[in-house]
Amino acid sequence: MSRVALPQYLENAAVAAELQSVILGLAEVSVDISKSLAKGALAGVLGAAGAENVQGEDQKKLDVIANDMIKDALAALPAVRGLASEEEAEVVPCHTAGSYLVTFDPLDGSSNIDINSMVGTIFSVLPHRGEAPVTEQDFLQPGRHQQAAGYVLYGPSVMLVLSTGNGVAMFTLDQDNGTYLLTESEVVIPADAKEFSINMSNQRHWAAPMQAYIADLISGKDGPRAKDFNMRWVAAMVADVHRILCRGGLFTYPWDSRKPDQAGKLRLMYEANPMGFLVEQAGGEIWTPEGKILDIQPEHIHQRVPVILGAANEVALCVDYHQR
Ligand code: AHG
Ligand code: MN
Ligand code: MN
Ligand code: MN
């Protein structure tokens, strides 16, 4: 069976040439990252880098390696005006004539690196604005402005999941020749959920409405929901969201009383917005307790946000617990 390769898919979808170059550049570097991940201990890439990033996290070697590889790949593209990364304190100016700003989480699920479990790369492409040189202010656009977003999941197969605003497509890497081939073109998240995803160990730190919502889910058939729910937590947002795009469900990383000003753990511009773009394009929803995430006007590039995403009816119900 002949499958559509990524460049042909972008061509068929009439994606602007400059945007194609950004997506293909990210796809190409992800193949190199997947090779480093596959070599693991043999390449000496596991373990801590010995530094802390701007998020206050201890960086793993692969956080730094993946960040540098993506930064170099994007900086080489004339279409890229500037970039921002989870692992970079400041935005990085690139080509003043470029049309796009790219934000990325180079290695998502860092705690999985040393246990040979799933990790990913998340990216978001915004239109440029402002005059050269690029400033942080230029990046502070609502997720609604994204021209493309996606992720690469480094799992048993390497997959690229992408939206250019016209649905969500999934590509699988053919390891024999390093090309991404279309394997799913109509990704849809069912409106109702049977599965949820949350780090239960933080339960006592959640707001009361989230505690009540989850308590009702796990009370199963005998509780107010009159239904049993299953639970999964990979601890890599890419993998948890990928499962939701494949078989539905709800994912949340809620507000946490230990970090009230930080609003939770996930980053708006590297994690929530790109995943939100995909989720909405697949018919799902992504909210904070107050409103839709893609409508948030960012205040700074490393901003964090509580996230509730996935099955439309389930997200609405969870938000409703908070607004009652
Ligand atoms: P990152 O590795 O890019 O810093 O992101 C980790 C995030 C996200 O991928 C995941 O959903 C969450 O952290 C896991 O958090 P816990 O450690 O609380 O499980
Ligand atoms: Mn991190
Ligand atoms: Mn992440
Ligand atoms: Mn990361």
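Thresholds, definitions, all that
- Residues numbered from 1 in each chain as written.
- Chains lettered and ligands numbered in written order.
- Predicted model: local features only at pLDDT ≥ 70, side-chain atom pairs only at ≥ 80, totals over all residues.
- Helix = DSSP H or I, 4+ residues; strand = E, 2+ residues; numbered from the N terminus.
- Rg over C-alpha atoms; globule rule 2.2 N^0.38 Å.
- Buried ≥ 20, exposed ≤ 12 C-beta atoms within 10 Å, placed from the backbone.
- Pairing = 2+ DSSP bridges.
- Contact = placed C-beta atoms within 7 Å.
- Axes fitted to C-alpha atoms, helices over the stretch in contact; angles between N-to-C directions.
- Near = placed C-beta within 6 Å.
- Nonpolar A, V, L, I, M, F, W, Y, C, P; charged D, E, K, R; others polar.
- Domains from an automatic or database assignment.
- UniProt positions renumbered as here; feature names shortened; annotations may be inferred.

Quick word on the overall build of the protein
Each helix and strand in the protein was counted, giving eight helices and 15 strands. Here the protein has a C-alpha radius of gyration of 19 Å; the compact-globule value for 324 residues is 20 Å, and the two agree. Overall, the C-alpha framework of the protein stretches about 55 × 50 × 40 Å when taken along its three principal axes. Residues counted as buried form 48% of the 324 residues belonging to the protein.

Structural notes on the sheet that holds strand β11 (residues 195-197)
Strand order across the open sheet formed by five strands is β12-β11-β13-β15-β14, with mixed pairing between neighbours. Edge strands, defined here as strands with exactly one partner in the open sheet, are β12 (230-231) and β14 (285-287). For strand β13 (residues 250-253) and strand β15 (residues 307-310), the ladder comprises four bridges, and the chain directions are antiparallel. Bridging across to β15, Phe251 finds its partner in Leu309. On top of the sheet, helix α7 (residues 268-281) reaches β14 and β15; it is set at about 150° to β14, its chief contact.

Quick notes on the site of ligand 1
Near ligand 1 you find 13 residues, and of these Asp108, Ser110, Asn199, Ala235 and Met237 are the closest. When grouped by side-chain class, the residues that make up the shell around ligand 1 number four nonpolar, four polar and five charged. Summarising the domain contributions, the shell around ligand 1 has at least three residues from each of domain 1 (6-184) and domain 2 (195-323).

A word on the sheet that holds strand β9 (residues 169-174)
Within the open sheet, the eight strands sit side by side as β4-β3-β5-β6-β7-β8-β9-β10. Their pairing is mixed. The open sheet is flanked by β4 (92-93) and β10 (179-184), the only strands paired with a single partner. Packed onto the sheet, helix α2 (residues 17-39) meets β3 (80-85), β5 (100-108), β6 (119-127), β7 (148-154), β8 (158-163), β9 and β10 and runs at close to 165° relative to β6. Together, β3, β5, β6, β7 and β8 form the strand contacts of α7, whose direction differs from that of β6 by roughly 80°.

With respect to the UniProt feature "domain: Fructose-1-6-bisphosphatase class I N-terminal" (unreviewed entry) in the protein
UniProt tags residues 2-184 as "domain: Fructose-1-6-bisphosphatase class I N-terminal" (unreviewed entry). Span residues 2-184 is 27% helix and 32% strand, its end C-alpha atoms 14 Å apart.

So, the domain arrangement of the protein
When cut into domains, the protein gives domain 1 (6-184) and domain 2 (195-323). Taking only C-alpha atoms into account, the centre of domain 1 sits 23 Å from that of domain 2. In this assembly, 34 residues from domain 1 lie in contact with 30 residues from domain 2. Sorting the residues of the side of domain 1 that touches domain 2 by element identifies β5, β6, α4 (136-139), β7 and β8 as the ones contributing at least two each. When residues in the side of domain 1 that touches domain 2 are grouped by element, the largest group, five residues, is from β6. When the residues that make up the side of domain 1 that touches domain 2 are grouped by side-chain class, the tally is 16 nonpolar, 13 polar and five charged.

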